[in-house]
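# Breakdown of the fold
Below, each chain spelled out in residue letters.
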Amino acid sequence: MSAPGMPGKRPFGSTLLGRSLLIAGAVLTALLCLEIGARIVAALDRNYLDELVSGRHVRRAGEELTLADLLRVVANPRIVYALQPGARGTFRGAPATINSYGIRDAERPVEKRPGVFRIVGLGDSHMFGWGVPREETFLTQLESLVERTRPGGVEVWNLAVPGYNTVQEVQTFAETRDELDADAVILNWVANDMDLPNFLQESPSVWSLRKSFLREVVRRRRARRKGRHPMPLGLVAVEQDPKTGRYRPPPADVPERFRPLAGTENMLAALDRLGQLAKERGITPVLLLNWDDYAGRLAGRSRDVLPAWVRQLARRCASNGYVVVDPQDRITDYLLRHRLGNQALWVTPTDSHTSALRHRLVAEELVDSLGATGILPRR
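Residues numbered from 1 in each chain as written. Predicted model: local features only at pLDDT ≥ 70, side-chain atom pairs only at ≥ 80, totals over all residues. Heavy atoms only, no water.

### Observations concerning the overall build of the chain
Scanning the chain for helices and strands turns up 12 helices and 13 strands. Counting only contacts in the chain whose residues sit at least 6 apart along the sequence, the fraction spanning at least 24 positions is 69%. Summed over its atoms, the accessible surface of the chain is roughly 19400 Å², and 54% of this surface lies on carbon and sulfur atoms. (Helix = DSSP H or I, 4+ residues; strand = E, 2+ residues; numbered from the N terminus. Contact = heavy atoms within 4.5 Å. Areas by Shrake-Rupley, 256 points an atom, 1.4 Å probe, with all protein chains shown as cover.)

As structure tokens, this is what we get:
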């Protein structure tokens, strides 16, 4: 008991230091709980190839398909997986049918009819038509537009598979080149074509203390607010070398068996290989620069949506015999004329996959560019 007239001993939380320590403790406890929650979410994530295809089944026609329903594992280590023949239903809100050849299309005879000009498309989910009907994809619209001037004389085969990068696309062409007997091949190049598909990354260890999963969640939310489309939680993209500007796979996060698929050097080697494969058979290779970020040009901050290193890549391909198609002027003019923002090119406000509008504009640019160079058959 304190002496009369003397102040008593105040509780710990009533002092400034005590209140500060209590608040700090509460904040740390809350952050710890959020970190644990983020790790639980990562542990429940099944966006990895081995788990996607385990127990896979083809659902009944008309049902909503998952990515697992669309994929099958293949033996070739430079392809890894492909579309599942016979899969049929709705995928990402759009009808999706995979034919017996393993592409998103109606049934077609593999043998090319005399007089037919055949185009083969190589790409990922953008060319595949993520979230849009097949009839609205730019390759299907390309075929329809050319058919108006030469009915029955053009076929466009869409070999795109969600998640593919350049190495996988070129290997797919190498295995089908002679069988499909194409006259032209279009490679749809996007900004992450030197990266691995998200589900080829190894599952992150939720017990590791080397990284914060909560920090990843915050980073992703900030990226989405800025209009970017971040990687799935816990996954890492290939890293950019600050000295050379080239991309290299981070050794700790990329499985050894998948390293030949990732990085700038592997991507460039695949582009060179495609040029050579096409040249050997008299096939015209086309590089389609399908960029999705037009915000800077729409705001007047830049005159070119493509970074300098992409322009360098395009010049390299042109010197190797590619026809380079860049739809940015057509797309920019349309957006400005109709007072539309960058997200009009996205399938949803939070998903930067190609929208139906962008598919149509890209198809029109392909028709004009390939027609001007004399590649497409005339009437």
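### With respect to the pattern of salt bridges
Summed over the entire model, instances satisfying the criterion amount to 18 salt bridges. Residue Glu155 pairs with Arg118 through a salt bridge whose shortest N-O separation is 2.8 Å. Of this pair, Glu155 sits in strand β6 (residues 154-158) while Arg118 sits in strand β5 (residues 117-122), placing them 37 residues apart in sequence. Arg118 carries the same exposure label as Glu155, and that label is buried. A salt bridge links Arg311 to Asp326; its shortest N-O distance comes to 2.7 Å. Within this pair, whereas Arg311 is found in helix α10 (residues 308-319), its partner Asp326 is found in the loop between β11 (323-325) and α11 (328-337), the two being separated by 15 residues in sequence. (Salt bridge = Lys/Arg side-chain N within 4 Å of Asp/Glu carboxyl O. Buried < 20%, exposed > 50% of the residue type's maximum accessible area, 1.4 Å probe, protein only.)

### Observations regarding the sheet that holds β11
Taken together, the 5 strands give an open sheet; going across it, the order is β6-β5-β7-β10-β11, and neighbouring strands pair in parallel fashion. Among the strands making up the open sheet, the edge pair consists of β6 and β11. Averaged over all neighbouring strand pairs, the angle between strand axes comes to 20 degrees, with direction disregarded. Along the sheet, helix α5 (residues 138-147) contacts β5, β6, β7 (184-189) and β10 (284-289); its crossing angle with β6, the most-contacted strand, is approximately 180 degrees. On the sheet, helix α12 (residues 356-372) packs against β7, β10 and β11 and is oriented at approximately 145 degrees with respect to β11. (Pairing = 2+ DSSP bridges. Axes fitted to C-alpha atoms, helices over the stretch in contact; angles between N-to-C directions.)

### Looking at the packing of α11 against α12
Contact geometry of α11 with α12 gives a least axis separation of 9 Å together with a crossing angle of 135 degrees. Taken together, the axis directions place α11 and α12 in an arrangement best described as oblique. With respect to the hand of their crossing, α11 and α12 are arranged in right-handed fashion. Between α11 and α12, the residues in contact are Arg330, Ile331, Tyr334 and Leu335 and Leu357, Arg358, Arg360, Leu361, Val362, Glu364, Glu365 and Asp368, respectively. (Parallel < 35°, antiparallel > 145°, perpendicular 65-115°, else oblique. Left-handed = near helix turned anticlockwise from the far one by under 90°.)

### Here's the deal with the packing of helix α6 (residues 166-180) against helix α8 (residues 264-280)
Here α6 crosses α8 at 20 degrees, and the two axes come no closer than 8 Å. Classified by the angle between their axes, α6 and α8 sit roughly parallel to one another. For the element pair α6 and α8, the recorded crossing hand is left-handed. Residue-level inspection shows Thr166, Val167, Val170, Gln171, Phe173, Ala174 and Arg177 of α6 in contact with α8, the latter providing Asn266, Met267, Ala270, Leu271, Arg273, Leu274, Leu277, Ala278 and Glu280.

### Quick word on a nonpolar patch on the surface
Taken together, the side chains of Ile23, Val27, Leu28, Leu31 and Leu34 present a nonpolar region at the surface, about 480 Å² in accessible area. For Val27, a relative accessible area of 44% gives the class partly exposed. (Patch = residues over 30% accessible without salt bridge, like charges linked within 9 Å, V, L, I, M, F, W, Y side chains within 5 Å.)

### Quick look at the side chain of Arg297
By secondary structure assignment, the location of Arg297 is in helix α9 (residues 295-298). Under the relative-accessibility criterion, Arg297 is labelled buried at 18%. For Arg297, the residues in contact, after removing those within four places along its chain, are Ser302, Arg303, Val305, Gln328, Asp329 and Thr332.

### Here we look at the packing of aromatic side chains
Within this structure, the stated rule accounts for 6 aromatic pairs. Between Tyr81 and Tyr164, the aromatic rings sit 5.3 Å apart at their centres with planes inclined by 70 degrees, giving edge-to-face as the arrangement. With a gap of 83 residues between them, Tyr81 in strand β2 (residues 81-83) and Tyr164 in the loop between β6 and α6 connect regions that are remote in the sequence. As far as the burial class goes, Tyr81 and Tyr164 line up, both buried. Plain terms: the ring middles of Phe91 and Trp130 are 5.1 Å apart, the flat faces sit at 85 degrees to each other, and that makes the pair edge-to-face. Here the residue Phe91 occupies a position in strand β3 (residues 88-91), and Trp130 occupies one in the loop between α4 (125-128) and α5, the gap between them amounting to 39 residues. (Phe/Tyr/Trp six-rings, centres within 6.5 Å; stacked < 30°, edge-to-face > 60°.)

### Some thoughts on α6
For α6, the principal kink sits at Ala174 and spans about 35 degrees. Along α6, 11 of the 15 residues are buried, which leaves the element largely enclosed by surrounding structure. Residues of α6 that are buried include every one of Thr166, Val167, Gln168, Glu169, Val170, Gln171, Thr172, Phe173, Thr176, Arg177 and Leu180, and no others. Buried residues along α6 sit in contact with β2, β5, β6, β7 and α8. After α6 finishes, the residue Asp181 shows a positive phi value of roughly 55 degrees. (Bend = angle between axes of the 7 residues up to and from the residue.)

### Brief notes about the nonpolar core
Ile186, Trp189, Leu271, Leu287, Leu366 and Leu370 are the most contacted members of the largest nonpolar core, which has 86 residues in total. No other element matches the 7 residues that α8 contributes to this core. In contact with Leu287, other than residues within four places in its own chain, are Leu187, Trp189, Leu271, Leu313, Ala314, Cys317, Tyr322, Val323, Val324 and Val325. (Core = buried A, V, L, I, M, F, W, Y, C linked by side-chain atoms within 4.5 Å.)

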